[in-house]
Amino acid sequence: MQRRTMLKSAAAGAVLAGIATVAAAQDDVPKVGFIYVGPVGDLGWSYQHDQGRQQLQEHFGDEIETVYIENVPEGPDAERVLTQLALQGADLIFATSFGFMEATNNVAQQFPDVKFEHATGYMTSDNLSVYGSRFYEGRAVEGLIAGELTESNIIGYIGSYPIPEVIRGINSSFLHAQKVNPDVEMRIVWAYSWFDPAAEAEAAQALIDAGADVVLQHTDSTAPQAAAQAAGDVYTFGQASDMSDYAPMPRVTSIIDEWGDYYIERTQALIDGTWETSDTWGGIDSGMVGIGEMTDAIPQDVRDEAQDLIDRIASGEYHPFTGPINKADGTQWLAEGEVATDEQLLSMDFYVEGIEAAIPD
């Protein structure tokens, strides 16, 4: 892809000045905007969304113009940025963080002729769609591998915010670690940020100091990978992007968010005049959740077991939340053979039995 114009994005305090434009600015081509909660260089969540934007730009070339703004704080700043993009002629805007939901909904009401897409949220309207990935499917694969690899039987998990998306991931990881290793324990540290390398490194070190020899994360930087690498003999998993710079150890595989095909599909619908409000929740079967290369640090029999799980999830033969599953307080959540509904998953606000921790308010 050829970048014809690129403006450096500003820091959060001057975020409106930080619009980066790709492709020649032309009044007669659709303009597609993106806002990111972190920097495109985080090698995690925002990086992977921008990889999707680049795939979109490469697909359409000069037929569209794309712009992005990085480091947009969740809250009032997001509403100002979205408003600015709409005023500057964006026809379609992707807001790529859960915390942008209220702002996106508010701005969508003010600009009914602009199409909006919000990642991982649940608010929709005539010009506002939502999309996300079934990350819990990838977490199941990670959990299986983690349960097989751990020698201390302590698995650490760095959470961002205690929202259903993150809680689902913790539960899925633990359930599948426990299936292969009934003695496994899960320790959780909250970073209260999507992207904060210092906090993430501190959280990783705290988990390692507590005996965790496998660390999973639902945060965006590679700081936990670096902490594990420095500690030695600690396994990690890439989050959102492949983070393959840390392979074959400590990063032994990864969950990869694949957004490009969705961005192409929705932009094509805009061009064709067929865009309609939708609610998309894709998983391994649709390619929206990818599993990175499993390195030789994982024994071959465990890789085979993990691949079998991937294949069964992809085919629909197996669902990661299939009963019997109890809540942490011992009450039944799913009976034997019962499969969780999407509504149950989207509202998950509890740990499953075996996780001895409290969910923060």
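The residue numbers shown here count from 1 along each chain, following its written sequence. The predicted nature of this model means local features are confined to residues of pLDDT at least 70 and side-chain atom pairs, given and counted, to a pLDDT of 80 or more, with totals for whole chains, interfaces and linings taken over all residues. Only hydrogens and water are set aside; all other atoms, that is, all heavy atoms of the structure, feed into the side-chain values.

As named in an unreviewed UniProt entry, the protein is Nucleoside-binding protein, taken from Pseudoroseicyclus aestuarii.

### Some details on the overall build of the protein
What counts, and what does not: Starting at the N terminus, helices and strands are each numbered in turn, a helix being any DSSP run of H or I of at least four residues and a strand any DSSP run of E of at least two. Our radius of gyration looks at C-alpha atoms and nothing else; its globule reference is 2.2 Å times the residue count to the power 0.38. The rule is simple: take the accessible area with a 1.4 Å probe, protein chains only, and divide by the maximum for that residue type; under 20% is buried, over 50% is exposed, in between is partly exposed. Contacts: residue pairs with any heavy atoms within 4.5 Å of one another.
When its secondary structure is counted, the protein shows ten helices and 15 strands. A compact globule built from 361 residues should have a C-alpha radius of gyration of about 21 Å, and the protein, at 20 Å, falls within 12% of that. Viewed in the frame of its principal axes, the protein has a C-alpha envelope of about 60 × 45 × 40 Å. Looking at the protein residue by residue over its 361 residues, the buried ones come to 56%. When contacts within the protein are restricted to residue pairs at least 6 apart in sequence, long-range pairs at least 24 apart make up 65% of them.

### Concerning the domain arrangement of the protein
In plain terms, the rule: As used throughout, domain bounds are those supplied by an automatic or database domain assignment. Salt bridge, as applied in this entry: a Lys or Arg side-chain nitrogen positioned within 4 Å of an Asp or Glu carboxyl oxygen. Two N or O atoms count as a polar contact when they lie within 3.5 Å, although within protein this holds only if one can serve as hydrogen donor and the other as acceptor, and sequence-adjacent residues are included solely when both atoms are side-chain atoms. The residue classification treats Ala, Val, Leu, Ile, Met, Phe, Trp, Tyr, Cys and Pro as nonpolar and Asp, Glu, Lys and Arg as charged. All others, Gly included, are polar.
As assigned here, the protein comprises domain 1 (31-134 + 259-282) and domain 2 (136-257 + 288-347). For domain 1 versus domain 2, the separation of C-alpha centres amounts to 27 Å. Listed per partner, the contact involves 20 residues of domain 1 and 22 residues of domain 2. Here Asp342 and Arg134 are joined by a salt bridge, their closest N and O atoms 3.0 Å apart. At the junction of domain 1 with domain 2, the criterion picks out six residue pairs in polar contact (both at pLDDT 80 or more). At the level of secondary structure, the elements contributing two or more residues to the side of domain 1 that touches domain 2 comprise α1 (45-60), β6 (128-133) and β12 (279-282). Residues belonging to the side of domain 1 that touches domain 2 are distributed by class as follows: nine nonpolar, eight polar and three charged.

### A few points about helix α6 (residues 197-209)
Inclusion rule: The span expected for a helix works out to 1.5 Å for each residue beyond the first. Of all possible arcs, the one meant is that of the directions from the helix axis to the C-beta atoms.
Along its 13 residues, α6 runs 18 Å from first to last C-alpha, staying within 8% of the 18 Å computed at 1.5 Å per residue. Considered for burial, the residues of α6 that qualify are Glu200, Ala203, Ala204, Leu207 and Ile208. Seen along its axis, α6 keeps its buried residues to an arc of 135°; they face one direction. In α6, the exposed residues that point more than 90 degrees away from the buried face are Ala198, Glu202 and Asp209. Looking at the buried positions of α6, the neighbouring elements they touch are β7 (154-159), β8 (185-190), β9 (214-217) and α7 (223-231). Phi turns positive, to about 105°, at Gly211, one or two residues after α6.

### Structural notes on the nonpolar core
We count it as follows: Joining through side-chain atoms within 4.5 Å is the link that ties buried Ala, Val, Leu, Ile, Met, Phe, Trp, Tyr and Cys residues into a set, and such a set is a nonpolar core.
Core analysis: the largest hydrophobic core is formed by 93 residues, its most contacted members being Ile145, Phe321 and Trp333. Tallying contributions element by element places helix α4 (residues 135-149) first for this core, with eight residues. Both domains that meet at this core, namely domain 1 (31-134 + 259-282) and domain 2 (136-257 + 288-347), each give it at least three residues. Ignoring sequence-local partners within four residues, the contact set of Trp333 consists of Phe321, Ile325, Asn326, Lys327, Glu338, Ala340, Gln344, Leu345, Met348 and Phe350.

### A look at the pairing of strand β5 (residues 115-119)
Side chains on a regular strand alternate between the two faces of the sheet. Using the following cut-off: Between any two strands, pairing holds if DSSP finds at least two bridges.
Most of β5 is tucked away, with four of its five residues classed as buried. As judged from the four bridges shared by strand β4 (residues 92-95) and β5, these two strands associate in the parallel manner. Across the sheet, the residue bridging to Ile93 is Phe116, located in β5. Pairing of β5 with β6, which is carried by four bridges, proceeds in the parallel orientation. Its bridge partner being in β6, Glu117 is matched across the sheet by Ser129.

### Quick notes on the side chain of Thr83
Positionally, Thr83 belongs in helix α2 (residues 76-87). Its relative accessible area of 19% is what places Thr83 among the buried residues. In contact with Thr83, other than residues within four places in its own chain, are Val107, Gln110 and Phe111.

### Some details on a negative patch on the surface
Quick reminder of the rule: Like charges within 9 Å and nonpolar side chains (Val, Leu, Ile, Met, Phe, Trp, Tyr) within 5 Å are joined into patches, using only residues over 30% in relative accessible area that form no salt bridge. To be clear on the numbers: accessible area is Shrake-Rupley with a 1.4 Å probe, and residue cover counts the displayed protein chains and nothing else. Counting rule for charge: Lys and Arg are taken as positive, Asp and Glu as negative, and neither His nor the chain ends is counted. To locate a charge, take NZ of a lysine, CZ of an arginine, CG of an aspartate or CD of a glutamate.
There is a patch of like negative charges on the surface, built from Glu148, Asp301, Asp304 and Glu305. Ranked by the residues each element gives to the negative patch, the list is headed by helix α9 (residues 300-315), at three residues. Tracing the sequence through the fold places Asp304 in helix α9.

### A few points about the pattern of salt bridges
Under the definition given, this model contains nine salt bridges. Arg53 is the salt-bridge partner of Asp50, the closest N and O atoms lying 2.6 Å from each other. Taken as a pair, Asp50 and Arg53 lie in helix α1 at a separation of three residues, close to a single helical turn. The partner of Arg266 in a salt bridge is Glu117, and the shortest N-O contact between them spans 2.6 Å.

### Concerning the packing of α4 against α9
Two packed helices can be described by the angle between their axes and the distance between those axes. Selection criterion: To get an axis, a line is fitted to the C-alpha atoms, and for a helix only the part in contact is used. The angle between two axes follows their N-to-C directions and goes from 0 to 180 degrees. If an angle is under 35 degrees, it is roughly parallel; if it is over 145, roughly antiparallel; if it lies from 65 to 115, roughly perpendicular; otherwise it is oblique. Crossing handedness: left-handed means the near helix sits turned counterclockwise from the far one by under a right angle, and right-handed means the same turn made clockwise.
Packing of α4 against α9 leaves a shortest axis separation of 10 Å and a crossing angle of 160°. Classified by the angle their axes make, α4 and α9 are roughly antiparallel. Pair α4 / α9 crosses with right-handed handedness. Contacts from Glu137, Ala140, Val141, Leu144, Ile145 and Glu148 in α4 reach Val302, Glu305, Ala306, Leu309, Ile310 and Ile313 in α9. Looking at the contact of α4 with α9 residue by residue, the classes come out as nine nonpolar, no polar and three charged.

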